[in-house]
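Take a look at the letters that make up each chain.
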Amino acid sequence: AGGGLRTGALLTNLDSLGGFLSGLSVLPEWIVTTSMMATISHLSHNGPLRLHGRVVRRGRSTVVTVLDVVDEGAGDRAVAAATMTCAVLDPGDLDLDIVRPVHTPMVALDPDALPPEEFFRIGPGSGPVTRLELADHLRNPWGILHGGALTMLADVAACRAVDTAEDPGRIGSLAAGDTVVHYLRPAKVGPVEARCQVLGGSHGRTVVRVAIHDTGADDRLVTLGSVAVLDV
C-alpha cells in the first residue's frame with residue numbers, strides 16, 4: 001500500500017540473507033533465526049533493492065548480523081535497517097559443502113507470480129486473527145516453517161487487525177512498518193494462527209502485538225512480536 005515491497009516480503013529477504021551469512025560464519029555447523037528487529041525508513045520503492053549484510057558477532061551459540069537495504073532506483077536511498085540474531089545448531093545430515101565465493105544469479109521476473117497472501121498460503125479474512133496453512137515450499141530443510149513466512153503473516157495480520165479495530169468500512173490503506181519478531185519455537189504442523197492485540201498509537205501509527213501459535217501442535221506459541229502499522 002505504500003508503493004514498494006511489502007515489509008513482510010522485505011523481511012523474508014533479510015532473513016534469507018542474514019541466515020546464509022550467519023550459517024557461512026559457523027560452518028560446518030549451521031543456524032536458525034531467533035530474532036529480528038527491523039526499522040523501515042521508506043515504504044515507497046523504485047527498485048531494484050540491494051541488501052547488505054555483515055556478521056558483527058560470532059559466538060559459540062549465537063551469531064548477530066546487521067543488515068541494510070537501499071533502493072538503487074532512488075540513488076541508493078536507505079529503505080530499511082535490521083539486526084538479526086541466530087542460534088548455532090548441528091545441521092545433521094544436511095549437505096553443507098558450499099563453494100565460496102557464493103554467487104546466485106537473480107532470476108527473471110515472473111509476470112504470473114502469485115500475490116503474497118496466496119504464495120504464503122495466508123487465508124482471507126478480517127479481524128484480529130489470521131491463519132496460514134503450511135506448505136512444503138514454505139519449509140526449511142528441517143521441515144520448519146521459514147522465518148520469512150512468519151514475518152509476512154505478522155504483516156498481513158497486523159494490518160487486518162488495525163483495519164477492523166479502527167473502522168470496518170474505512171477508506172484508505174495500511175502498511176506494516178517497523179517490525180520486531182522473536183522466534184520462540186519451531187512451527188512444523190499448522191495451521192499457524194496469528195492473534196493480534198491492537199495496543200494503540202497516534203499520528204497515523206498504530207502498534208500491534210502479534211502472537212503466532214501452531215494450532216496443530218497443542219496450540220503452542222511459536223513467535224511473538226510487534227508491528228507498527230502505518231496509515232498511507
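Provided above is the structure to which this section pertains.
Now for a look at the structure at hand. Everything quoted here is computed from the prediction, not taken from an experiment. Residue numbers restart at each chain and count upward from 1, following the sequence in its written direction. Confidence filtering applies because this is a predicted model: local features only for residues at pLDDT of at least 70, side-chain atom pairs given and counted only at 80 or more, and all residues used for totals across whole chains, interfaces and linings. Computation of side-chain values covers all heavy atoms of the structure but excludes hydrogens and water.

**Regarding the packing of aromatic side chains**
Within 6.5 Å between ring centres, the rings of Phe, Tyr and Trp (the latter by its six-membered ring) count as paired, and their orientation is classed by plane angle as stacked under 30 degrees, edge-to-face over 60, tilted in between. One pass over the structure, following the stated rule, counts 2 aromatic pairs. Geometrically, the ring pair formed by F20 and W30 is edge-to-face, given 6.1 Å between the ring centres and 70° between the ring planes. Of this pair, F20 sits in helix α1 (residues 7-25) while W30 sits in strand β1 (residues 30-40), and the two are 10 residues apart along the sequence. A relative accessible area of 11% means that W30 is categorised as buried. A centroid spacing of 5.1 Å and a plane angle of 80° characterise the contact between F119 and F120, whose relative ring orientation is edge-to-face. Summary of the burial criterion: residues with accessible area below 20% of their type's maximum are buried, those above 50% are exposed, and those between are partly exposed, where the area comes from a 1.4 Å probe applied to protein chains only. Relative accessible area serves as the criterion here: at 37%, F119 is assigned to the partly exposed category. Secondary structure elements follow DSSP: runs of H or I of four or more residues count as helices, runs of E of two or more count as strands, with numbering from the N terminus.

**Considerations on unusual backbone geometry**
The step from R100 to P101 runs through a cis peptide bond, and the omega angle for that step is 0°. Of note, the amide linkage connecting G190 to P191 takes the cis form, showing an omega dihedral of -5°. Structurally, the position occupied by P191 is in the loop between β6 (174-183) and β7 (192-202). Even without a glycine there, the phi angle at R121 is positive, about 60°. Relative to the helices and strands, R121 is located in the loop between α2 (116-119) and β5 (129-132). At D218, a position not held by glycine, the phi torsion is positive, near 60°.

**Observations concerning the pattern of salt bridges**
Every case where a carboxyl oxygen of Asp or Glu lies within 4 Å of a side-chain nitrogen of Lys or Arg is listed as a salt bridge. Within this structure, the stated rule accounts for 9 salt bridges. E117 serves as the salt-bridge partner of R6, at 2.8 Å between the closest nitrogen and oxygen. Linking R6 in the segment before α1 with E117 in helix α2, this pair joins segments that are 111 residues apart in sequence. By relative accessible area, which is 24% here, E117 ends up partly exposed. Residue E72 is joined to R50 by a salt bridge in which the shortest nitrogen-to-oxygen separation is 2.9 Å. Here R50 lies in strand β2 (residues 49-58) and E72 lies in the loop between β3 (62-71) and β4 (77-89), a separation of 22 residues in the sequence.

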